[in-house]
Amino acid sequence: MNRFAKSLLVAALVAVVGMAFRVSWNAQHDVARTVGADETAAFLYPFVVDGLMALALVATLVLTGRDRTFALRVLAGYTAASLVLNYVHGLVPALRGGEVRMQLADWDPANWALVLLATSLPVGAIFFGSDLVAKVLHHRPPPITDQGETDQELTNRLGPDLQESAPETPPAVTEPPATESADPSPTVVPEPVAEPVAEVEPVKPTEPLVLRPVAAVESGPRRATGRVPQSARTPRPTRTPDELLAEARSATAGWSDEKLTAEAIRKAVRTSSANGRTLRDTLKSERAERAVSEAEAA
């Protein structure tokens, strides 16, 4: 069924339910007025009864298991109660309009039962409606698994394949029983004949095996799987400030003043940022002193 057909079906259902509610509303309104409800309560009375029926219907579409059974029972109970009230309204013409307080039946026990039914429906709507809403809000749909068939279905489907793949056992070979003759004759046992013994040649000594050295196959370096202890680490060479300054002088001898930055010096001599800034300041001061001395000499 396509989407348009589903939408049309839902619209038709809503229209039918709306018209049925309007037909039932008149009867329930008059019964509520007869049992003592005021105009406002009588106007809301049909919404309570038929509204809980709609709520129970929605709950049956969402819930599963015992909760769904409970929702179906609530729906069936309130449907039967609404049917009884509509039947009484049609059976007693004096109820139409609900302007006069009167008995719903001539027999007192039946009248008491009908009044109890009409007055208990709003209280039951509060109880059952709250319970259904709580069950719907706390409902968790079962998880969807990829295994769509049970073990029995799998066995039934793979039964012929399993029978074909089973190895066939060879039939057992039975030996025919020996027939006994009526007149047994003595059995002649042949004498053993001595076979000639073959001459054994002496075994020649074999040459000793020469073991040749084979180059060991070097495997790639293993990747560290955890933190390497301090004792197993390769010690880093430490350089003194004078050595760093000498390396910086030789590396930046041909650099211009604009290129002489802390980051460039740090990358050139491979040191920290703090050492790079210190070397930059020292080299710039040396260049400034050298420029002043050259100017005085000139």
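For the structure, check the block above.
Worth saying up front: this structure is predicted, and the values here are computed from it rather than measured. Starting from 1, residues in each chain are numbered consecutively following that chain's sequence as written. Totals for whole chains, interfaces and linings use all residues, but because this is a predicted model, local features are given only for residues with pLDDT of at least 70 and pairs of side-chain atoms are given and counted only at 80 or more. Working from all heavy atoms in the structure, the side-chain values ignore hydrogens and water.

**Some words on the pattern of salt bridges**
The following threshold applies: Between Lys or Arg on one side and Asp or Glu on the other, a salt bridge is scored when a side-chain nitrogen of the former is within 4 Å of a carboxyl oxygen of the latter. Put simply, DSSP H or I for four residues or longer makes a helix, DSSP E for two residues or longer makes a strand, and each gets a number counted from the N terminus. Only protein chains enter the accessibility calculation, which uses a 1.4 Å probe. A residue is then buried if its area is under 20% of the maximum for its type, exposed if over 50%, and partly exposed in between.
All chains considered together, the criterion is met by eight salt bridges. A salt bridge links aspartate 67 to lysine 135; its shortest N-O distance comes to 3.4 Å. Taken together, the residues aspartate 67 in helix α3 (residues 65–91) and lysine 135 in helix α4 (residues 108–137) connect sequence positions 68 residues apart. Its relative accessible area of 27% is what places aspartate 67 among the partly exposed residues. A salt bridge links glutamate 263 to arginine 266, with the nearest nitrogen and oxygen atoms 2.6 Å apart. Placement of both glutamate 263 and arginine 266 in helix α8 (residues 262–269) is noted, with a separation of three residues, approximately one turn of the helix. Via salt bridges that share partners, Asp67, Asp131 and Lys135 belong to a single interconnected network.

**Concerning the nonpolar core**
Counted only if it meets this: Residues belong to a common nonpolar core when they are buried Ala, Val, Leu, Ile, Met, Phe, Trp, Tyr or Cys residues joined through side-chain atoms within 4.5 Å. Throughout, a residue-residue contact means that at least one pair of heavy atoms, one from each residue, lies within 4.5 Å.
Tyr45, Val74, Tyr78, Leu85, Leu121 and Leu132 are the most contacted members of the largest nonpolar core, which totals 20 residues. In terms of residue count, the dominant contributor to this core is helix α2 (residues 39–62) (seven residues). Every residue in contact with valine 74, bar those within four places of it in the chain, is listed here: Leu52, Ala56, Phe128 and Leu132. Judged by nonpolar contacts, the second largest core, of nine residues, contains Leu245, Trp255, Val269 and Leu283.

**Quick notes on the layout of surface pockets**
The line we're drawing: Using only the protein atoms, space was sampled on a 1 Å grid; points where a 1.4 Å probe fits but cannot get out form cavities, open sets with protein on both sides within 12 Å along at least five of seven lines form pockets, and lining residues are those with an atom within 4 Å of a point. Grid points are joined across faces, edges and corners, and a volume is the space filled by probe spheres set on the points. In the scheme used here, Gly and all other residues not listed as nonpolar or charged are polar, with Ala, Val, Leu, Ile, Met, Phe, Trp, Tyr, Cys and Pro taken as nonpolar and Asp, Glu, Lys and Arg as charged.
Approximately 340 Å³ is the volume found for the largest pocket. Together, 15 residues line the largest pocket, and Val17, Ala20, Phe21, Asp50 and Met53 are the ones closest to its centre. Elements with a contribution of two residues or more to the lining of the largest pocket: α1 (3–34), α2 and α3. Looking at the lining of the largest pocket residue by residue, the classes come out as nine nonpolar, five polar and one charged.

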